Structures are given as structure tokens and as C-alpha cells.
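Here is how the chains run, residue by residue.
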Amino acid sequence: MKEIIFKILRVIVVIVAAIFLGWFILPVMYRIINPGNLLGAAICVYLIFWCGFNKYYKNIKERLCARKSIKILWRIWNVCATVFVAYAVTVSAIMAYAALSPAPTGATAVVLGAQVKPWGPSVNLQQRIDAAEKYLRSNPDSKAVLSGGKGDDEHISEAECMYEVMTDYGIDADRLYMEDKSKNTQQNIKYSFKIIKDEGLNESLAIVTDIFHQLRARLIVRKQGISTPVGAVNARNGKIGIINYPTYFVREWIAIPVEILK
């Protein structure tokens, strides 16, 4: 009975790993290759081999571990794998908590930029614009800092692009402040908060970005000594966003400790 249960569990793991393997490979069609889908795909391949070809896995293990030095390395690998799984589960839970923390009522929205295409906002940027618009309409006393400079491949700054779209949506221009110098999230937060202080805006923050990016954005806020209340306004992921979601989520597993150690 016990053996049957283990077989069923292995089959389930193989099916789930195969689904996620395809999910991590899909972004390559859109020329998205980063540590997230590379690591995610590697984990899936390992799980498929471990559970789907368990006999071969055990044979390889026995042959390798016949040598004492390799056996020690194998034990180290098992410890590292266990620690990594514990880390991944823990950081994923914290990421979920950060994303589910509601923004304070009437807070100043800081909209983090994303790529501008020749024809307008990219899918990611458009989703953040839509989320910011919804928040501002729900909080008529709130204002927003639109944050993002002009990249080498962009014809206008990300802040200007957001400003144009949001004013077209009917958001009062007096509620929008452009921060068009930043090149990364650290600068987004730093320069945006300076505008907030200089303009006397509400220092409570509503960070407008993707779900998987909320925790790292909040870490950056705290690292810069900003102690005001912070909440999340999450961009809704469309079809392309859902395809890329696991890739960017796993990438954050790497980016978060790097951010902490900077």
C-alpha cells in the first residue's frame, strides 16, 4: 500500500513538473530568457528524472556513491537541496504576504515603470497604468508619482508615457507627478519619495507593480530608511503576463537575497 501511494505521488510530481517545464519554456518564444526560467526549467527536469525515472536515478546514485568522496558530495547536495526548498517555500510565502498587503487609503501611488514600445506602453507597463488608474479612482484624495526614465531603446520616458495614457483616461493632471530620471527600482523609490517630500504629498505609499515584484520593492523602500506605511497595488496579469509569471516569480528567489546583500 505504501509503495502504491509513493508511485501515485511520483506520477503527480512528474505531471506537475512537466506542466511547469512547458510554462518556463514558453517565455523563450517571446525572447525572455533570464535566471528565472533557467532555474525553473532545471528544477523541473530534475524532478521529472527523479520521480519519473526513479530506477535509473537510484542506479546512478549507487554507482556514484560507491566512491567515498562522491558520497560526501552527494550528502552535501541533499542538504543544499533541502535548504533551498525550505528557502523557496518561505520566500514565496513572504512574497505572497507582501502582494496581499492592501495599500493604505489615500496613500500616494508610486507607479514603477516598465518598457515603452514605439507604439506606446508595453503589456507590463499598461497593466501597471490600469492598476494605478483604478486605485486613483477608488481614492479621489490620492495622487501618483509616475516613475521611470528613458531607456536607450525608448522614444520617451516611461513616466511621460504613463502620464499621457492616464490623462487620456481622464485622470486629472494635477494628481500626477512625473519622475523621469530613474533607471532601476532603487532609483524609482529614491527619486519618487523625494518628490513626495518636496511636494508635501501623503508619505504613505501604494506601490504599483507586478505581484511578484512587491516584496523586493518593499525591501528597497525599507533599505532607503523610509518607515512610512507601505501597501501593494498589483497589476493584473493578462495572457502574456500569465505566461511569464513563473519565470519572473522564480527570478525573484534570486533577486531578493541579492538585494538584501547589496
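Note that the structure is predicted; figures quoted are calculated from it, not measured. (Residues numbered from 1 in each chain as written. Predicted model: local features only at pLDDT ≥ 70, side-chain atom pairs only at ≥ 80, totals over all residues. Heavy atoms only, no water.)

Draft legend 1. Molecular detail of the pattern of salt bridges. Considering all chains together, one arrives at 6 salt bridges under this definition. Ionic pairing is found between K197 and E203, a salt bridge with its closest N-O pair at 3.4 Å. For E203, a relative accessible area of 28% corresponds to the partly exposed category. (Salt bridge = Lys/Arg side-chain N within 4 Å of Asp/Glu carboxyl O. Buried < 20%, exposed > 50% of the residue type's maximum accessible area, 1.4 Å probe, protein only.)

Draft legend 2. Examining a negative patch on the surface more closely. A grouping of E160, E164, D168 and D180 is seen on the molecular surface, where their side chains present a negatively charged patch. With respect to the helices and strands, the residue D168 is situated in helix α6 (residues 158-168). Since its relative accessible area comes to 68%, D168 is described here as exposed. (Patch = residues over 30% accessible without salt bridge, like charges linked within 9 Å, V, L, I, M, F, W, Y side chains within 5 Å. Areas by Shrake-Rupley, 256 points an atom, 1.4 Å probe, with all protein chains shown as cover. Lys, Arg positive; Asp, Glu negative; His and termini not counted. Charge placed at Lys NZ, Arg CZ, Asp CG, Glu CD. Helix = DSSP H or I, 4+ residues; strand = E, 2+ residues; numbered from the N terminus.)

Draft legend 3. Molecular detail of the packing of helix α2 (residues 35-52) against helix α3 (residues 54-64). Packing of α2 against α3 brings their axes to within 5 Å, and their N-to-C directions diverge by 95°. Comparing their axes, α3 and α2 come out roughly perpendicular. Across from Y46, F49, W50, C51 and G52 in α2, the residues of α3 making contact are N54, Y56, Y57 and I60. Here the contact of α2 with α3 is built from residues that sort into 7 nonpolar, 2 polar and no charged. (Axes fitted to C-alpha atoms, helices over the stretch in contact; angles between N-to-C directions. Parallel < 35°, antiparallel > 145°, perpendicular 65-115°, else oblique. Contact = heavy atoms within 4.5 Å. Nonpolar A, V, L, I, M, F, W, Y, C, P; charged D, E, K, R; others polar.)

Draft legend 4. Broad picture of α6. Turning to α6, its buried residues are E158, A159, C161, M162, V165 and M166. When α6 is viewed along its axis, its buried side chains cluster within an angular range of 160° and face the same direction. For α6, the elements touching its buried residues are β1 (108-112), β2 (116-117), β3 (120-121), α5 (123-138), β4 (144-147) and β5 (176-179). Directly beyond the C-terminal end of α6, a positive phi value near 100° is found at G170. (Arc of directions from axis to C-beta.)

Draft legend 5. Spotlight on the sheet that holds strand β7 (residues 230-234). Spatial ordering of the open sheet is given by β5-β4-β1-β6-β7, a layout of 5 strands whose pairing is parallel. The open sheet has two edge strands with one neighbour each: β5 and β7. Put simply, the sheet's adjacent strands are angled 25° from each other on average, direction ignored. Pairing analysis gives 4 bridges linking β1 to strand β6 (residues 205-209), with the strands arranged parallel. Residue pairing for β6: A109 is matched across the bridge by A206. (Pairing = 2+ DSSP bridges.)

Draft legend 6. The arrangement of the confidence of the model for the protein chain in detail. When pLDDT is averaged along the protein chain, the result is 92; 98% of the residues meet or exceed 70. Ranking the helices and strands of the protein chain by mean pLDDT puts β4 first, with 98, and α3 last, with 86. (pLDDT = per-residue confidence, 0-100.)

Draft legend 7. Spatial organisation of helix α7 (residues 185-198). An ideal rise of 1.5 Å per residue puts 20 Å on 14 residues; α7 measures up with 20 Å between its terminal C-alpha atoms. Taken as a whole, α7 has its buried residues at T185, N188, I189, S192, F193, I195 and I196. Down the axis of α7, the smallest arc covering the buried residues is 155°, so these residues share one side. Turned more than 90 degrees from where α7 packs its buried face, K190, K194 and D198 sit exposed. Where α7 is buried, its residues meet β1, β4, β5, β6 and α8 (214-223). The residue sitting at the N-terminus of α7 and contributing the capping side-chain oxygen is N184; that oxygen lies 3.2 Å from the backbone nitrogen of Q186. Downstream of α7 by one or two residues, G200 has phi in the positive range, about 65°. (Expected span 1.5 Å × (residues − 1). Polar contact = N/O pair within 3.5 Å; in protein donor to acceptor, adjacent residues only side chain to side chain.)

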